[in-house]
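Examination of the molecular architecture
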Amino acid sequence: MKYRTIGSDPKTRREVSVLALGAMLFGSRTDEETSFAVLDRYVEAGGNFIDTSDNYAFWEDGGQGGQSEELLGRWRRSRGIGNEVVIATKLGARPLAPGTSYTDNPEGLSAKVIREAAERSRERLGVERLDLLYAHIEDRTVPLRETVEGFAELVAEGTVGLLGASNHAVWRVERARAQAAAAGLPGYEVLQYQHSHLRPRTDIPDALFPEGSLGGATGELLSYLRAEPALTLVAYSPLLGGAYARRDKPLPPDYDHPGTPARLTVLRKVAKETGASVNQVVLAWQIGGELPVIPLAGASSVAQLEENLAAVELELTPEQRARLDAAH
């Protein structure tokens, strides 16, 4: 396994594996025995960066979520796992009532919610401190300063280490970080967005993003990361839910545009040259790139995890990287 540092403050920064493990469906669609087997193998291979959220996976049973955090808590206790494994979680998008969603009834990012939701996550996970806590989605009904100060209070109290943001407009991330810096408070240091080799259209509105998607790693976000080297991008859904490899998993509609075939062609050529799978090429491309990107990939079996782990050791040549970067 290889590692990189997230965060800048010596008191809160952590060394994490370059491949993060997504636990979104653990405890719901993925049963406990399988989830434990995947987690055990990941740690055995040197992995130490696991991602969850307080709302995972509410859509599986129409509830409010919490199954993933609860399973991770049981796994930690049964295996004697301490703070050597970094567990990141998120708040802000948990539905306030069963049968609702984050689009119509989210918990939000008020100071009260931040404190209470973080405490519930700590209890479910069985930890004294949340290593990394994200604002999962935006909450424009609450003053940004209240959110910034609410997160900072938990860091000051020692119940939260690093802070992050996911699925936010880049200007909102920058404004929050500027407010935190001006007040001498800790700000967001890790950003989690959807990012893969194929690039989606970002102009298609949905219930959460009426102006078009804010959840993807756009050129603006990548430019921001280049200008702010202390920030780290955690790239969720790097393998597009299996769409690169499985015929029964078509690409999402927002990938249906003229740029997709050219990028797929290059991916497949590089995979053939290296003897690796397309999935492994995508992960290796992210892990070894110029910008600090940590792919976050889930696995519903140990076999899937093994394929992903092998990507850590896959070395792409500069010429292959240049072709992957330039394809359009």
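Report follows, based on the coordinates. All of these numbers come straight from a predicted model, not from anything done at the bench.

A few words on the packing of aromatic side chains. Across all of its chains, the model carries four aromatic pairs by this definition. Relative to Tyr188, the ring of Phe151 has its centre 6.2 Å away and its plane inclined at 70°; by these criteria the two rings are edge-to-face. A residue pair is termed long-range when its members are at least 10 positions apart, and Phe151 in helix α5 (residues 144-157) and Tyr188 in strand β8 (residues 188-194) qualify at 37 residues. Note on accessibility: Phe151 and Tyr188 belong to one class, buried. One aromatic cluster is present, formed by Tyr56, Phe58, Trp59 and Tyr102 through successive ring pairs.

Here we come to the packing of helix α9 (residues 278-287) against helix α11 (residues 318-326). With their axes 11 Å apart at the nearest point, α9 and α11 run at an angle of 95° to one another. Accordingly, the angle class assigned to the pair α9 and α11 is roughly perpendicular. Contacts between α9 and α11 involve Val281, Ala284 and Trp285 from the former and Arg321, Leu324 and Asp325 from the latter. Here the residues of the contact of α9 with α11 sort into four nonpolar, no polar and two charged.

Here the focus is the nonpolar core. Within the largest apolar cluster, 92 residues are counted, with the highest numbers of intra-cluster contacts made by Phe49, Ile50, Phe151, Tyr188, Leu191 and Leu221. Per element, the largest residue contribution to this core is seven residues, and it comes from α9. If we skip the residues at most four places from it in the chain, Leu191 touches Tyr134, Ala165, Val173, Leu221, Tyr224, Leu225, Leu231, Thr232, Leu233 and Val234.

Here is what the cut-offs are and how they apply
Residues numbered from 1 in each chain as written. Predicted model: local features only at pLDDT ≥ 70, side-chain atom pairs only at ≥ 80, totals over all residues. Heavy atoms only, no water. Phe/Tyr/Trp six-rings, centres within 6.5 Å; stacked < 30°, edge-to-face > 60°. Helix = DSSP H or I, 4+ residues; strand = E, 2+ residues; numbered from the N terminus. Buried < 20%, exposed > 50% of the residue type's maximum accessible area, 1.4 Å probe, protein only. Axes fitted to C-alpha atoms, helices over the stretch in contact; angles between N-to-C directions. Parallel < 35°, antiparallel > 145°, perpendicular 65-115°, else oblique. Contact = heavy atoms within 4.5 Å. Nonpolar A, V, L, I, M, F, W, Y, C, P; charged D, E, K, R; others polar. Core = buried A, V, L, I, M, F, W, Y, C linked by side-chain atoms within 4.5 Å.

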